Structure formats: C-alpha cells, structure tokens
Amino acid sequence: MGLMTIASNVQNISEAIASVIKVDVTVVDNEYKRIAGTGSYRERIGEEVNQNSVFGVAIKKGEGFIIENAGQHAVCLQCVDAKDCKEYAEVCCPIKVNNEVVGVIGLIAFEEKQRDEILHNQSNLIKFLNKMADLISSKLLEQKNTDKIQLLVKELEVVLNSVDKGILAVDDKGRILRYNERALKLFQTSEKEIMHKNIKDFIGMATFRSLAKEKYKIKNGEFVYKNKEYHLRGVFDTNPISIDHESFGIVFVFSKLSDILNTVNDITTGTIATDFDEIIGDSLIFREVKLEAKKASQSTSTILIQGESGTGKELFARAIHFHSDRVKAPFIPINCAAIPEQLLESELFGYEEGAFTGAKRGGKAGKFLLATGGTIFLDEIGDMPLHLQTKLLRVLQEQMIEKIGGKELIPIDVRVVAATNQDLERKVLEGEFRQDLFYRINVIPLQIPPLRERKEDIFTLVEYLLSKCNIKLRKHIKEVDPQALDIFMHYHWPGNVRELENTIEYAVNMCNSSVIKKEDLPKRLISRDISLSPFKQERIIPIRDLEKREIQKAVAYYSNRKQNIAEAAEALGISRATLYRKIKEYDIKIVSK
Ligand SMILES: Nc1ncnc2c1ncn2[C@@H]1O[C@H](COP(=O)(O)OP(=O)(O)OP(=O)(O)O)[C@@H](O)[C@H]1O
C-alpha cells in the first residue's frame, strides 16, 4: 500500500506547507510518481520522475539532500534533465514507514529570493520537513490500519454468516450490536427491525437479568420466542465480550430445538435404523404379526407390544418407526424399569431451571420433547409407577406436556409405542396398572409370540444369527450340525431370540471346526431335564383372561374397518351377537377410527 492511497491528504499537507513558508512543495512516491505538488508542480501531478534526479536518488538511498546551487551538486551532475532544470535550490527528505521508504517530500526554490529563504533557515526547514514526512507516514499507517479493520470486519461478517446458528452480539444493556443472517431467519425478522430490538425480546426479561448472576456464561439455556403466530423453541449459549476483565457485552448463540433433535437423531438412531426385513421369522404366526406391525406403522395410534423378554419387542418398535413417515425424526427409547422412580418423571417430561435442588442450569428437555415429530418407545411400561401413569395418561389425552416446575403446557407431536413382558391385564386387575391408561396405550395391540411357539423359525434364525456372529467374531463357521439343531428344536428357549443369539455366540467361540456340534453348545441346553419340560416356567393363564385378550385383539385389529364387529366375530369364530355379549361382559372399549 503506497502514498497514492492517501494522495488527497498529501496534497492538502503540501498546500498548507507552501502557504506558510512561501516555497513550492512536491511529493513523489517510491514508484517515482509525483502524487502532490503546489505552484507549477500542481499540473505535473501524475508524471513519472527521473530516477537519476535528486528525488530519485533520495528514494533509492533513503537519504535527504540540500541542494544549494542546483546544477552544481554531485547528484545534479548525474541528472539527464539538469540542463533544463529551472530550480534554484531544494531541500528534500524521505518519507519512511517502519524504515521502508515510501516517498520523498521536497521544498523547491524557483527564484533567488526563495533560495535565500531556504538557505537561511536550512536547519529549521529540515527539522520541519522531517516532521511533515512523519505526519504523512502516520497518515499512511492510519489508512493501513483502517483498511485492516475494514478487512477484519468483512472477515468477521463472512465467518458469522457461515455459522449454522443464530448469533447476536449485544451490549450490557441488551441492545443489539451485531447479528448474522441465520439469526434473522431464526427469529423471522429483518436487518432494519433487529437493530431496534433488545435481547430481552428474544429470551425474556427474567433470563436476561439472571445472566449477570451467571457471569454472562450459560450453556444450553432454553428459550421460547413468540411473535404473533410465530413460535420458536430452542436453546442458547452465551459468552461475555470482555477486555482486561471489563465487560463490553455478550454474544448469544441460538439453535432451534428441532435442529438439535435432528442431530441427536442422526447420531443416536441413524446408525441403527431397523427394517422389517431384519426381523427374521417365516412361521405363519410370526408373518401375521409382522404384517400387523407394518400396517400399524402407517398410523399414529398408540401401540402396545406384548411378549416375553427377548422376543424382539424393541426390534419391532424400531422397525415400526423406521417404516413410518416419522422416519426422519427421532426414535427415542426409554426403559421405564431401568430408571429410578424419582428420575423417571424428569427423564420423560424434563424440568425447568431451578425446579429442584440440583436441577441443571437452563433446565432440561425430557424424552417426549426430544422425540418431537418422531416416536417415543416406552419399554417395560408395566414398571411405571402409578403416579406417573396418571401423568402419562393426561399427556396422551391432551397431547401436551408440562415440565417439572414449568408453568406452561407444551404441545407435543409424538407417537407412543409401549412394550411390556408383563401381563398388563392382570396388573390392571391387581390394581397395579391404571385401566384407563391400559386402554389408551392398547389401541393397537401386538403380541409377539415366544420362540417355542414358532420353532420352525429356529432354522432361519440360526442361519441369520450365525452369519451375524461370524462377522462380529471374524470366524467362518458354515453351519450347525443336525444333532445340535435337534437340541435347539427341543429346548424351550425361556430367553427367546436373545437367548438363541447368545447361544450361537457361545458356540461360535467354542467351535474349533467349521461346523457347530453338540459339544460346542452350553451345558444347560443339553440337560435333558430342562429340554423335556418345555412349559415348566410358563404361567397358566385363566381361560377368561385368554378369551378377553383375544376379543380385545380382534376388536382393535378390525377397528378401522367398516364391518369391524362382523369381521372380528368371523375371525374369532363366534357370532356377532355372542361377540357383542362378550364385549359387554368384559367391558371392552371399542375405538372406531
Ligand atoms: N425376529 C428376530 N430376528 C432377528 N433378531 C431378533 C429377532 N428377535 C429378537 N432379535 C434379537 O434379539 C435381541 C433381543 O431383542 P429385543 O431387545 O428387541 O427384545 P425385547 O423383547 O425388547 O427384550 P426385553 O423385553 O428383554 O427388553 C436383539 O439383539 C435382537 O436384535
């Protein structure tokens, strides 16, 4: 960057000097171009100066000169223009920035009187000229710094607008200082409008006040922004802008809740998307359940999956979600039995900041909110404490949740799939599970049959699980021999597919050849006692309970058909009149869709 960039400043300075000391002034830059001049030099601004002239030599050497008798000085003798030179005398001085010569400033006498003036005041003029050279170089530095700041501002703007989050910088009164494009989009506002707003308009007065307590540092603070019809729910982080412990304001970084949820979804469930094809089993009974589940995936009604432990209830829940039009939103599983009772409520519904001692700053979004637009899988629902059952029932009825310590009801859009390996109807009878909640979640019942009731599936399952295990353990076992398969067929599989999966893994570890044999199997499978008493651990179900359950199943299954009762009666093999009588007798609710 050269003197040319501040040419008009340099011209002003030159004219000021000329008017005071009554001699002409000219300035040449380090590319030998005249960039300023007074008197006869004014017309010559822009011309190229001879590199062998006094000014040329001053630039090259970085030294000043005093020419008392123009034409006789050693430098003049080298100059090709010397014979036409009209100058009587001159004083020139280099202009330096950080020791680099950026030009030269000179005073020129064109008459005797001016020459006397220069020679008379020689030392004062040189001092004065040096000061003027410093003034010009500081102007140039100033310009350089201004350009640097402008570049920095531009770079900052580009950086801010490349960030995928809304950013607002505010002063300590909350007035907006800076924003990025994403913030305008997020809050659906314009450049003009946002500069008249205050951060309190976005996060609320109370939150802004509490920031001072937190020393302007908050992580994942929650906010709800409402402007006419527009509602935005999200979280924000803050960072103070401070220099030497003095605060100049705060930077807010905003994210939309649904964007965060999508990221959570991509990370947590994206990799374990489950397809119905991954649920292995060709038996008639199993094919029917898969068909029911596929149909159920297209609806938004609540599903209750019942089946013994290890039958694949979670697998079904996942497949239902990933087969539904909610596939792009999260699948959020929560095991109601694995979470301590006191924590389950906050895990499900979240809490507001300060709701209880130890509550996280900024509060917490519960699983229901995290599942927005997607599916929540309430595993082991039979273990949910009664007081939470009441709250869950309200949530399902009103489609709203209220956080612990919260004042507002938040609308939710979540599909509920529940599962249990307990006999929920029995729990209802025993008063351990709310009947109304049971009906509410049992809109579409799915009963996953235990493995011992579909033994023909063992062949395909063994093949599938063996190849899965070979990949996991880097083995190449080809098959299970007939004798070992026979043992599988006679075992009662209390742990269902999970137990079969573990058995295969055990055998693959033990096997020394390419075929799994009887000796490779766990001892418990070979023990005759257990294998000969397949139903030893099964509970006997009263006929009335069985009948009620099958009627409920049939009524729910055909609930979205026009001829629902007629079709349910036909499937059950009883007349419509008998079905009506039984529905009344067992107090079964008919929900038509
Ligand atoms: N039909 C199936 N095809 C392939 N794998 C299956 C099948 N059923 C279950 N599995 C596998 O068995 C294991 C247990 O399945 P899952 O966790 O879905 O069972 P669950 O019924 O939810 O069990 P629990 O009641 O104990 O929670 C998983 O590794 C699952 O992949």
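Just so we're clear, the structure is a prediction, and the values are computed from it rather than from any experiment. (Residues numbered from 1 in each chain as written. Predicted model: local features only at pLDDT ≥ 70, side-chain atom pairs only at ≥ 80, totals over all residues.)

### Some remarks on the overall build of the protein
Within the protein one finds 25 helices and 21 strands. Taking the intrachain contacts of the protein between residues at least 6 apart in sequence as the baseline, contacts between residues at least 24 apart amount to 62%. (Helix = DSSP H or I, 4+ residues; strand = E, 2+ residues; numbered from the N terminus. Contact = placed C-beta atoms within 7 Å.)

### Observations regarding the nonpolar core
One finds Ile 305, Phe 368, Ile 376 and Leu 446 to be the most contacted residues of the largest nonpolar core, which totals 54 residues. A domain split of this core shows at least three residues from each of domain 3 (273-447) and domain 5 (543-585). Leaving out residues up to four positions away in the same chain, Leu 446 has contacts with Val 289, Glu 292, Ala 293, Ala 296, Ile 303, Ile 305 and Phe 316. Residues Ile 67, Cys 93, Ile 95 and Leu 107 belong to the second largest nonpolar core, which totals 41 residues. (Core = buried A, V, L, I, M, F, W, Y, C linked by C-beta atoms within 7 Å. Buried ≥ 20, exposed ≤ 12 C-beta atoms within 10 Å, placed from the backbone. Domains from an automatic or database assignment.)

### What about the sheet that holds strand E15 (residues 375-379)?
Read from one edge to the other, the open sheet built from 5 strands follows the order E12-E15-E18-E11-E19, with strand pairing classed as parallel. Two strands close off the open sheet at either side, each with one partner strand: strand E12 (331-335) and strand E19 (444-447). For this sheet, the mean angle separating the axes of adjacent strands, direction not counted, is 20 degrees. Pairing analysis gives 5 bridges linking E12 to E15, with the strands arranged parallel. Its bridge partner lying in E15, Pro 333 is registered against Phe 377. Across the sheet, helix H11 (residues 284-297) touches strand E11 (303-306) and E19, and the angle it forms with E19 is around 150 degrees. (Pairing = 2+ DSSP bridges. Axes fitted to C-alpha atoms, helices over the stretch in contact; angles between N-to-C directions.)

### Some remarks on the environment of Phe 248
The residue Phe 248 is located in strand E10 (residues 246-256) in this model. Expressed as a C-alpha distance, the spacing of Phe 248 and Lys 173, which sit 75 residues apart in the sequence, is 9.8 Å.

### Looking at the sheet that holds strand E5 (residues 100-109)
If you trace the 5 strands from one edge of the open sheet to the other, you get E2-E1-E5-E4-E3, paired in antiparallel fashion. Among the strands making up the open sheet, the edge pair consists of strand E2 (34-37) and strand E3 (65-67). On average, adjacent strands in this sheet sit at an angle of 15 degrees to one another, irrespective of strand direction. In this structure, strand E1 (residues 24-29) lies alongside E5, joined through 6 bridges in antiparallel fashion. Bridging across to E5, Val 28 finds its partner in Val 104. Here helix H1 (residues 7-21) sits on the sheet and contacts E1 and E2; the angle it forms with E2, its principal contact strand, is near 35 degrees. Where helix H2 (residues 54-61) meets the sheet, its contacts fall on E1, E3, strand E4 (89-97) and E5, and the angle it forms with E4 comes to roughly 30 degrees.

### Some remarks on the packing of helix H23 (residues 543-557) against helix H24 (residues 564-572)
The geometry of H23 relative to H24 is characterised by a closest axis approach of 8 Å and an angle of 140 degrees between their N-to-C directions. Viewed along their axes, H23 and H24 adopt a mutual orientation that is oblique. Crossing geometry of H23 relative to H24 is assigned as right-handed. Together, Glu 550, Ile 551, Ala 554 and Val 555 of H23 and Ala 568, Ala 571 and Leu 572 of H24 make up the contact between the two elements. Across the contact of H23 with H24, the residue classes tally to 6 nonpolar, no polar and 1 charged. (Parallel < 35°, antiparallel > 145°, perpendicular 65-115°, else oblique. Left-handed = near helix turned anticlockwise from the far one by under 90°. Nonpolar A, V, L, I, M, F, W, Y, C, P; charged D, E, K, R; others polar.)

### Here's the deal with the packing of helix H18 (residues 457-473) against helix H20 (residues 496-510)
Orientation of H18 relative to H20, taken along the N-to-C sense of each, is 50 degrees, at an axis distance of 9 Å. Here H18 is positioned oblique relative to H20, judged by the angle of their axes. Handedness of the H18/H20 crossing: right-handed. Taken together, the residues of H20 that come into contact with H18 (itself represented by Leu 461, Val 462, Leu 465, Leu 466, Cys 469, Asn 470 and Leu 473) are Val 497, Leu 500, Glu 501, Ile 504, Glu 505, Val 508 and Asn 509. Counted by class, the contact of H18 with H20 contains 10 nonpolar, 2 polar and 2 charged residues.

### As for helix H12 (residues 313-322)
The buried fraction of H12 is high, at 7 of 10 residues. Inspection of H12 places Lys 313, Phe 316, Ala 317, Arg 318, Ala 319, Ile 320 and His 321 among the buried residues, and these make up the whole buried set.

### Observations concerning the confidence of the model for the protein
Confidence along the protein averages 88 in pLDDT terms, with 94% of residues attaining 70 or more. Confidence drops under a pLDDT of 50 for residues 528-537, and excluding neighbours within four residues, the segment shows 7 contacts in the predicted structure. At the level of chain-chain contacts, confidence expressed as ipTM amounts to 0.98, with global pTM at 0.57. (pLDDT = per-residue confidence, 0-100.)

### Focus on the pairing of strand E9 (residues 230-243)
Remember that side chains alternate between the two faces of the sheet whenever the strand is regular. Where strand E8 (residues 221-227) lies against E9, 7 bridges are found, and the strand directions are antiparallel. Its bridge partner being in E9, Glu 222 is matched across the sheet by Val 235. The hairpin turn running from E8 into E9, its antiparallel successor, is 2 residues long, and Lys 228 in that turn takes a positive phi close to 50 degrees. Between E9 and the antiparallel strand that follows it, E10, lie 2 residues; Asp 244 among them carries a positive phi value of about 50 degrees.

### Side note on the site of the ligand
Taken together, 16 residues form the shell around the ligand, and within it Ser 309, Gly 312, Lys 313, Glu 314 and Val 497 come nearest. Those elements that provide at least two residues to the shell around the ligand are H12 and H20. Per-class residue counts for the shell around the ligand are 4 nonpolar, 7 polar and 5 charged. For the shell around the ligand, the domains that each give at least three residues are domain 3 (273-447) and domain 4 (451-532). (Near = placed C-beta within 6 Å.)

### Points about the environment of Phe 322
Tracing the sequence through the fold places Phe 322 in helix H12. Judged by the 19 C-beta atoms lying within 10 Å of it, Phe 322 is partly exposed. For Phe 322 and Ala 273, which are 49 residues apart along the polypeptide, the C-alpha to C-alpha distance reads 6.3 Å. Discounting residues that sit within four places of it in the chain, Phe 322 has contacts with Ala 273, Thr 274, Asp 275 and Val 327.

### Some details on unusual backbone geometry
Phi at Lys 22 takes a positive value of approximately 60 degrees, unusual for a residue other than glycine. Looking at the element boundaries, Lys 22 is found in the loop between H1 and E1. A positive phi angle, near 50 degrees, is found at Lys 228, a position not held by glycine. The residue Lys 228 is located in the loop between E8 and E9 in this model. Assessed through the 6 C-beta atoms surrounding it within 10 Å, Lys 228 is described here as exposed.

### Some remarks on the environment of Asn 69
With respect to the helices and strands, Asn 69 occurs in the loop between E3 and helix H3 (74-78). The class of Asn 69 is exposed, set by 11 C-beta atoms lying within 10 Å. The spacing of Asn 69 and Glu 87 is 18 residues in sequence and 8.8 Å in space, taken between C-alpha atoms.

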